[in-house]
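# Architecture at a glance
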Amino acid sequence: MINIYGTIGPACANPEILKEMFREGMTGMRINTSHISVKEAAPQIRMIREAAAACGMEAQILIDMQGPELRVAKMTQQVNIETDQIVCFREETCEGEGIPLPKMVYEALREGITVLLDDGKILLEMIDDHEAVVRRGGVLSGGKSIALSGVELKPPAMTKQDRENIKAAAEYGVTGVMQPFVRSAEDLQTVRSAIDEACGKGIRLFAKIENLSGARNLENFVGLADEIVIARGDLGNAMPLWELPRVQKELSRRCRAAGVPFMVVTQMLASMEHSAVPTRAEVNDIYNAICDGASSVMVTGETAVGQYPMEVIRYLSRTVNSYTEY
């Protein structure tokens, strides 16, 4: 069976909507712990499980950890960043104007570096160590991802919040932990040890490939994960975008060769955040992922904040089934 995952969010956090999503073929839900802890998400987890049970199913609950992903620090409100605007950055512990960044990121800024915010939706070019010109604007809020093109930073594999979430995972019925930005076997061993210490031996470990280190080192840790996740958002920021399809195909081939299941995620039905019908390219993308051997597919913002969460799962599920029924 191919698993079909949605992501919980304001658009679908409703018992009736969730029931319809499970009836349409959804098998599980992702919870993004960059925005909410497992304990805080307990009412949502209960709602998901009850909705699945009403459809005669047992929901899979995945928590997506913060991990070594670097994010914009907390902001009091959203900021509209316009193309050609000059913006400044500051360290998150300092007061004042500017986009707040973790110390590690702030200290790495240099003239000429390209800064990608919110999965690359916003692109800036540094003009000195603190200021940048906006090349592609957008709306920015705290907690969004940040990447520096050509700069590899090495934060620890797990945050304090990650460890607390893993301790709570088994208690609240979490079935899988997604570790972002896996770079090495050591990253996965660290997470696996934390799961075992929390008495979560039945919890599956998903390794997200989101940077060049993870893609290059896959053979060194592929057997330590229960499932590999080809996470195309940040992975697409780590290389010219036109190279991403080739890298996805190669990662799929290497997972098949190792006999390890893999998931494909990010922008599978992105147009459906605002459209009731997907593009032809999107359904082809889903079908090709299944042809390549994917054991799971997942949508994120499409169900979390999109306007048509039920329709998203319908198209995702029926496209998957069009292959399995062929």
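Here, the structure is the one placed above.
Residues numbered from 1 in each chain as written. Predicted model: local features only at pLDDT ≥ 70, side-chain atom pairs only at ≥ 80, totals over all residues. Heavy atoms only, no water.

### Examining the overall build of the protein chain
When you go through the protein chain residue by residue, the secondary structure sums to 12 helices and 16 strands. Over its C-alpha atoms the protein chain spans a radius of gyration of 19 Å, differing by no more than 12% from the 20 Å that the globule rule assigns to 326 residues. Taking the principal axes of its C-alpha atoms as reference, the protein chain extends roughly 55 × 45 × 40 Å. Taking the intrachain contacts of the protein chain between residues at least 6 apart in sequence as the baseline, contacts between residues at least 24 apart amount to 71%. The average position of the 34 basic charges and that of the 44 acidic charges among the side chains of the protein chain differ by 4 Å. (Helix = DSSP H or I, 4+ residues; strand = E, 2+ residues; numbered from the N terminus. Rg over C-alpha atoms; globule rule 2.2 N^0.38 Å. Contact = heavy atoms within 4.5 Å. Lys, Arg positive; Asp, Glu negative; His and termini not counted. Charge placed at Lys NZ, Arg CZ, Asp CG, Glu CD.)

### Structural notes on the environment of Val-38
Tracing the backbone through its elements, the reader meets Val-38 in the loop between β2 (28–32) and α2 (42–54). A sequence separation of 128 residues divides Val-38 from Ile-166, and the C-alpha atoms of the two residues are 8.3 Å apart. With near-sequence residues (within four places) excluded, Val-38 lies in contact with Thr-33, Ile-45, Ile-63, Asn-165, Ala-168, Ala-169 and Tyr-172.

### Let's talk about the sheet that holds strand β8 (residues 122–126)
Strands sit in the order β6-β5-β9-β8-β7-β11 across an open sheet of 6 strands; the sheet is mixed. Each edge of the open sheet carries a strand with a single partner, namely β6 (99–101) and β11 (146–148). Neighbour-to-neighbour, the strand axes of the sheet open up by a mean angle of 35 degrees, direction not taken into account. (Pairing = 2+ DSSP bridges. Axes fitted to C-alpha atoms, helices over the stretch in contact; angles between N-to-C directions.)

### Observations concerning the pairing of β8
Taken across its 5 residues, β8 has 4 buried, putting it largely inside the fold. When strand β7 (residues 114–117) meets β8, the two strands line up antiparallel, connected through 4 bridges. Looking at β8, one finds that Leu-116 is bridged to Leu-123. The loop that links β7 with its antiparallel partner β8 comprises 4 residues; one of these, Asp-118, has a positive phi angle of about 55 degrees. The sheet contact formed by β8 and strand β9 (residues 131–136) spans 4 bridges and is antiparallel. Bridge pairing in β9 links Glu-125 to Val-133. Between β8 and β9, which pair antiparallel and follow one another directly, the connecting turn spans 4 residues. (Buried < 20%, exposed > 50% of the residue type's maximum accessible area, 1.4 Å probe, protein only.)

### Notes on the pattern of salt bridges
This model, assessed by the stated rule, comprises 18 salt bridges. Measuring nitrogen to oxygen at the nearest pair gives 2.7 Å for the salt bridge that ties Arg-254 to Glu-219. In this pair, Arg-254 is assigned in helix α9 (residues 244–258) and Glu-219 in helix α7 (residues 218–221), connecting sequence segments 35 residues apart. Its relative accessible area of 14% is what places Arg-254 among the buried residues. One salt-bridge network, in which partners are shared between bridges, spans Arg-30, Asp-64, Lys-208 and Glu-210. (Salt bridge = Lys/Arg side-chain N within 4 Å of Asp/Glu carboxyl O.)

### Observations concerning the packing of aromatic side chains
Tallied over the full model, the rule gives 1 aromatic pair. Residues Tyr-287 and Tyr-323 carry aromatic rings whose centres are separated by 5.6 Å and whose planes lie at 80 degrees to one another, so their mutual orientation is edge-to-face. With Tyr-287 in helix α10 (residues 280–291) and Tyr-323 in helix α12 (residues 309–324), this residue pair connects regions lying 36 residues apart in the sequence. Overall, the relative accessible area of 27% leaves Tyr-287 in the partly exposed class. (Phe/Tyr/Trp six-rings, centres within 6.5 Å; stacked < 30°, edge-to-face > 60°.)

### Here we look at the packing of helix α1 (residues 15–23) against α12
At a closest axis distance of 9 Å, the pairing of α1 and α12 adopts a crossing angle of 10 degrees. By the angle between their directions, the pair α1 and α12 is classed as roughly parallel. Packed against α1, whose contacting residues are Ile-17, Glu-20 and Met-21, the element α12 presents Pro-309, Met-310 and Ile-313 at the interface. When the residues that make up the contact of α1 with α12 are grouped by side-chain class, the tally is 5 nonpolar, no polar and 1 charged. (Parallel < 35°, antiparallel > 145°, perpendicular 65-115°, else oblique. Nonpolar A, V, L, I, M, F, W, Y, C, P; charged D, E, K, R; others polar.)

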